[in-house]
Structures are given as C-alpha cells and as structure tokens.
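# Geometric and topological summary
Chain by chain, the residues:
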Amino acid sequence: MKKDILKHELVPDHVILSESEVSKVLKKIEAHPEQLPKIKTDDPVVKAIGAKAGDVLEITRKSATAGKFVTYRLVQD
C-alpha cells in the first residue's frame with residue numbers, strides 16, 4: 001500500500017501558482033523568478049502535485065511563533 005505523502009503532518013501545503021499569481025508575488029517581493037529558492041523536479045512533493053520545471057510553488061508552513069510562514073520556490077531540473 002502506497003501512502004499519500006501530502007497527508008503527512010510534517011509536509012507543508014504546496015500550491016502551484018498561476019501566471020497572474022506569480023506576477024503579483026514577484027512584484028510584491030520585488031524579485032525575479034530566478035532569484036527564488038529552488039526545488040528540484042524530482043522532489044517527492046513536486047512529483048505528487050504534478051509541478052513541472054518553471055512553475056512557482058507557494059509553500060505554507062505552520063509556525064509556533066509566526067502562526068504560518070509562506071515561502072515561494074521555483075521548480076527546476
């Protein structure tokens with residue numbers, strides 16, 4: 001039986017952003033896509049959500065101090 005890694009308590013929420021959402025985020029943080037931290041296409045969560053190279057992911061982690069912490073990653077080979 002294969003387990004769904006997206007349901008594991010230690011795996012934060014990952015969402016593929018649309019082009020318009022990416023534009024808004026990059027404008028807000030005053031950055032270019034290549035300046036974002038990277039995540040590999042062979043990452044298990046990237047595979048599980050069907051992301052491909054060039055996609056930008058929004059990753060939301062639960063934080064004891066901040067409540068929630070949102071970060072962005074650029075998917076690359």
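Residues numbered from 1 in each chain as written. Predicted model: local features only at pLDDT ≥ 70, side-chain atom pairs only at ≥ 80, totals over all residues. Heavy atoms only, no water.

### A look at the side chain of threonine 71
Relative to the assigned elements, threonine 71 resides in strand β4 (residues 67-76). If we skip the residues at most four places from it in the chain, threonine 71 touches Leu57, Glu58, Ile59 and Arg61. (Helix = DSSP H or I, 4+ residues; strand = E, 2+ residues; numbered from the N terminus. Contact = heavy atoms within 4.5 Å.)

### As for the pattern of salt bridges
All told, the structure shown has one salt bridge when counted by the stated rule. The salt bridge involving aspartate 55 is made with lysine 52; its shortest N-O contact spans 3.5 Å. Overall, the relative accessible area of 54% leaves lysine 52 in the exposed class. (Salt bridge = Lys/Arg side-chain N within 4 Å of Asp/Glu carboxyl O. Buried < 20%, exposed > 50% of the residue type's maximum accessible area, 1.4 Å probe, protein only.)

### Brief notes about the layout of surface pockets
Empty space within the largest pocket amounts to approximately 170 Å³. In terms of lining residues, the largest pocket is bounded by Glu9, Leu10, Val11, Pro12, Asp13, Thr60, Arg61 and Lys62. In terms of residue count, strand β3 (residues 56-63) provides more of the lining of the largest pocket than any other element does, three residues in total. (1 Å grid on protein atoms, 1.4 Å probe; cavity = no way out; pocket = protein on both sides within 12 Å on 5 of 7 lines; lining within 4 Å. Points joined across faces, edges and corners; volume = space filled by probe spheres on them.)

### Topic: the sheet that holds strand β1 (residues 13-16)
With respect to topology, four strands assemble into an open sheet ordered β1-β3-β4-β2, the strand pairing being mixed. The open sheet has two free edges, formed respectively by β1 and β2 (38-40), since each of these has just one partner strand. Mean inter-strand twist for the sheet, computed between neighbouring axes without regard to direction, equals 35 degrees. Pairing analysis gives three bridges linking β2 to β4, with the strands arranged parallel. Along β4, the bridge assignment pairs isoleucine 39 with valine 75. (Pairing = 2+ DSSP bridges. Axes fitted to C-alpha atoms, helices over the stretch in contact; angles between N-to-C directions.)

### Looking at unusual backbone geometry
Glycine aside, residues mostly have negative phi, and peptide bonds are mostly found in the trans state. For glutamate 30, which is not a glycine, the phi torsion comes out positive at approximately 55 degrees. With respect to the element layout, glutamate 30 can be found in the loop between α1 (19-29) and β2. Assessed through its relative accessible area of 73%, glutamate 30 is described here as exposed.

### Some points on the nonpolar core
Formed by Leu17, Val22, Val25, Leu26, Leu36, Val56, Tyr72 and Leu74, the largest nonpolar core amounts to eight residues. Considering each element in turn, this core owes the most residues, three residues, to α1. What leucine 36 contacts, discounting residues up to four positions off in sequence, is Leu26, Ile29, Val56, Tyr72 and Leu74. (Core = buried A, V, L, I, M, F, W, Y, C linked by side-chain atoms within 4.5 Å.)

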